Amino acid sequence: DAARGLVFVPPSSPSPDLYGGERKGENKWANSGAALEAETGRLVWAFQVVHHDLWDYDVASQPVLVTVTRDGKPVDAVAIATKIGHLFVLERETGRPVFPVEERPVPQTDVPGEATSATQPFPVGVAPLAPRTLTPGDAWGPTPEDCDWCRKRIGELRSDGLFTPPSLRGSILYPGNVGGAHWGGAAVDPTRQLLVVPTNRLATVARLIPRDDLKAAVDTARENRLTGEFGRQSGTPYALYREILRSPSGAPCNAPPWGALVAIDLKTGAKR
């Protein structure tokens, strides 16, 4: 914002991504949108979209400058689209929400040493950009065998909806770490006051592995030709295994579409 001398940036996730026992607390100002004074670099304000991130839910693309109409008056704002599918619209000068934001209770960890944030911020009155729950009844597959496999697999995993924390048995993160909104960013139609954002719709499975069990887990993955990724998460008691939730045929276990363009009316917060 050249007139105000402000630069808007998205600070990334804290490290390591999916275990926070060595970085307890909210981890300000990770997973945020932040306004910096361009001339000095001074932090003017920051707004955290995820507290104590355990999901790799960094803000993957740049915030977008918009002007929205509220109560019949134009408001210069910045829009932050997130991997979890939330859209936050904030006043540029202060960081105050243009649409209300409330803290809501979220699922809590059962992993020894972890300390989940009790609540997370939710925009009120702004439609979500992506689906947020995946149950056995939602299982999908191109064949009955695929669908049955997915239904069983979802039932084996922890899946408590939005902000289900990673677990030792494996948890479903939906949206996954590729979004929701992702690196593609958002576009704005200023005349219609529409924000258009590409979204991913893929579920991720995240499993924490006690450090002493890591070698056996890697050997098992090689034997079974698993296609996920391991993260060492050095300096913590747990390594990580993460993969897209797919059936043996390779198809996602959630129903298509697996990507969508979503338009949000910035005047009302409704999905158009």
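Up top is the structure these notes are about.
This one's a predicted model, so the numbers in the text were calculated from it and none came from an experiment.

Rules of the game
- Every chain begins its residue count from 1, and numbering advances along the sequence as written.
- Local features in a predicted model are, by the rule used here, given only for residues with pLDDT of at least 70; side-chain atom pairs are given and counted only at 80 or more, and totals for whole chains, interfaces and linings are based on all residues.
- Side-chain metrics in this entry use all non-hydrogen atoms of the structure; hydrogen atoms and water are not considered.
- When a carboxyl oxygen of Asp or Glu is within 4 Å of a side-chain nitrogen of Lys or Arg, the pair counts as a salt bridge.
- A run of H or I in DSSP counts as a helix once it spans at least four residues, and a run of E counts as a strand once it spans at least two, with each numbered from the N terminus.
- Using a 1.4 Å probe on the protein chains alone, a residue whose accessible area is under 20% of its type maximum counts as buried, one over 50% counts as exposed, and one in between counts as partly exposed.
- To pair, rings of Phe, Tyr and Trp, with the six-membered ring standing in for Trp, must have centres within 6.5 Å; the planes then decide the type, stacked if under 30 degrees apart, edge-to-face if over 60, and tilted in the middle.
- Over a ring means this: the NZ of a Lys or the CZ of an Arg is within 6 Å of the ring centre and within 35 degrees of the ring normal.
- Whenever a pair of cysteine sulfur atoms sits within 2.5 Å, that pair is classed as a disulfide.
- Paired strands, as defined in this entry, are two strands with at least two bridges between them according to DSSP.
- To define axes, lines are fitted to C-alpha atoms, for helices over the stretch in contact only, and angles between the resulting N-to-C directions are given on a 0 to 180 degree scale.
- Any N or O atom pair separated by 3.5 Å or less is treated as a polar contact, with the protein-specific requirement of one donor-capable and one acceptor-capable atom, and with residues adjacent in sequence counted only for side-chain atom pairs.
- A contact between two residues is defined here by any heavy atoms of the two lying within 4.5 Å.
- In this description, a nonpolar core means a group of buried Ala, Val, Leu, Ile, Met, Phe, Trp, Tyr and Cys residues linked to one another through side-chain atoms lying within 4.5 Å.

A. Just the pattern of salt bridges, in detail. One pass over the full model with this rule turns up 20 salt bridges. Two residues, arginine 4 and aspartate 76, come together in a salt bridge whose shortest N-O distance is 2.9 Å. Of this pair, arginine 4 sits in the segment before strand S1 (6–9) while aspartate 76 is found in strand S5 (residues 73–81), placing the two residues 72 residues apart along the sequence. Judged by relative accessible area, which is 31%, arginine 4 ranks as partly exposed. Of the residues examined, aspartate 76 reaches a relative accessible area of 27% and is grouped as partly exposed.

B. The packing of aromatic side chains, seen in detail. Here the structure, examined in full by the defined rule, presents nine aromatic pairs. Measuring from ring centre to ring centre gives 5.3 Å for phenylalanine 47 and phenylalanine 88, while their planes differ by 55°; the resulting arrangement is tilted. In this pair, phenylalanine 47 is assigned in strand S3 (residues 43–48) and phenylalanine 88 in strand S6 (residues 87–91), connecting sequence segments 41 residues apart. You can call phenylalanine 88 buried: its relative accessible area is 1%. Measuring from centroid to centroid gives 5.9 Å for phenylalanine 122 and phenylalanine 163, while their planes differ by 70°, and the two rings are edge-to-face. Of this pair, phenylalanine 122 sits in strand S8 (residues 119–123) while phenylalanine 163 sits in the loop between helix H1 (144–156) and strand S9 (171–173), and the two are 41 residues apart along the sequence. Take phenylalanine 163: its relative accessible area is 2%, and that puts it in the buried class. One aromatic cluster in this structure is built from Trp55, Tyr57, Phe122 and Phe163. Over the ring of phenylalanine 99 we find arginine 70; its NZ or CZ atom is 4.2 Å from the centre of that ring.

C. Local environment of the environment of glycine 95. Inspection of the secondary structure assignment puts glycine 95 in the loop between S6 and strand S7 (101–105). Relative accessible area serves as the criterion here: at 9%, glycine 95 is assigned to the buried category. Here the alpha-carbon distance between glycine 95 and tryptophan 45, two residues 50 residues apart in the chain, equals 6.1 Å.

D. Examining the state of the cysteines more closely. Tallying each qualifying case throughout the model produces one disulfide. Covalent S-S linkage joins cysteine 150 and cysteine 253, the inter-sulfur distance amounting to 2.1 Å. Negative torsions about the S-S bond denote left-handed disulfides, and the value of about -70° found for cysteine 150 with cysteine 253 makes this one left-handed. Here the residue cysteine 150 occupies a position in helix H1, and cysteine 253 occupies one in the loop between strand S14 (238–244) and strand S15 (259–265), the gap between them amounting to 103 residues.

E. The sheet that holds S15, seen in detail. With antiparallel pairing, the three strands of this open sheet are ordered in space as S10-S11-S15. Single-partner strands in this sheet number two, and they are strand S10 (187–189) and S15. This sheet shows a mean twist of 25° between the axes of neighbouring strands, independent of strand direction. As paired elements, strand S11 (residues 194–200) and S15 share seven bridges and run antiparallel to each other. What sits directly across from valine 197, in S15, is valine 262.

F. Examining the environment of glycine 72 more closely. On the secondary structure map, glycine 72 appears in the loop between strand S4 (64–70) and S5. Judged by its relative accessible area of 67%, glycine 72 is exposed. Measuring from C-alpha to C-alpha, the distance between glycine 72 and proline 10 comes to 30 Å, with 62 residues separating the pair along the chain.

G. Examining the pairing of S11 more closely. Bridge analysis of S10 against S11 gives three bridges, and the strand direction is antiparallel. Bridge pairing in S11 links valine 188 to leucine 195. Joining the antiparallel neighbours S10 and S11 is a turn of four residues, in which glutamine 193 adopts a positive phi near 55°.

H. Summary view of the side chain of glutamine 48. As for its placement among the helices and strands, glutamine 48 is situated in strand S3. Polar side-chain contacts of glutamine 48 include one of 3.0 Å to the backbone oxygen of alanine 30. A distance of 3.5 Å separates a polar atom in the side chain of glutamine 48 from the backbone oxygen of valine 50. Residues within four places of glutamine 48 in sequence aside, it is in contact with Glu26, Asn27, Lys28, Trp29, Ala30, Asn31, Ser32 and Pro121.

I. Structural view of the nonpolar core. One finds Trp45, Val49, Trp55, Leu90 and Phe163 to be the most contacted residues of the largest nonpolar core, which totals 24 residues. Where this core is concerned, the elements lending two or more residues are S1, S3, S5 and S6. Beyond its immediate sequence surroundings of up to four residues, tryptophan 55 is in contact with Asp17, Leu18, Val50, Gln120, Phe163, Thr164, Pro165, Pro166, Leu173 and Asn177. Grouped together as the second largest cluster of nonpolar side chains are 20 residues, Val64, Ala77, Ala81 and Val197 included.

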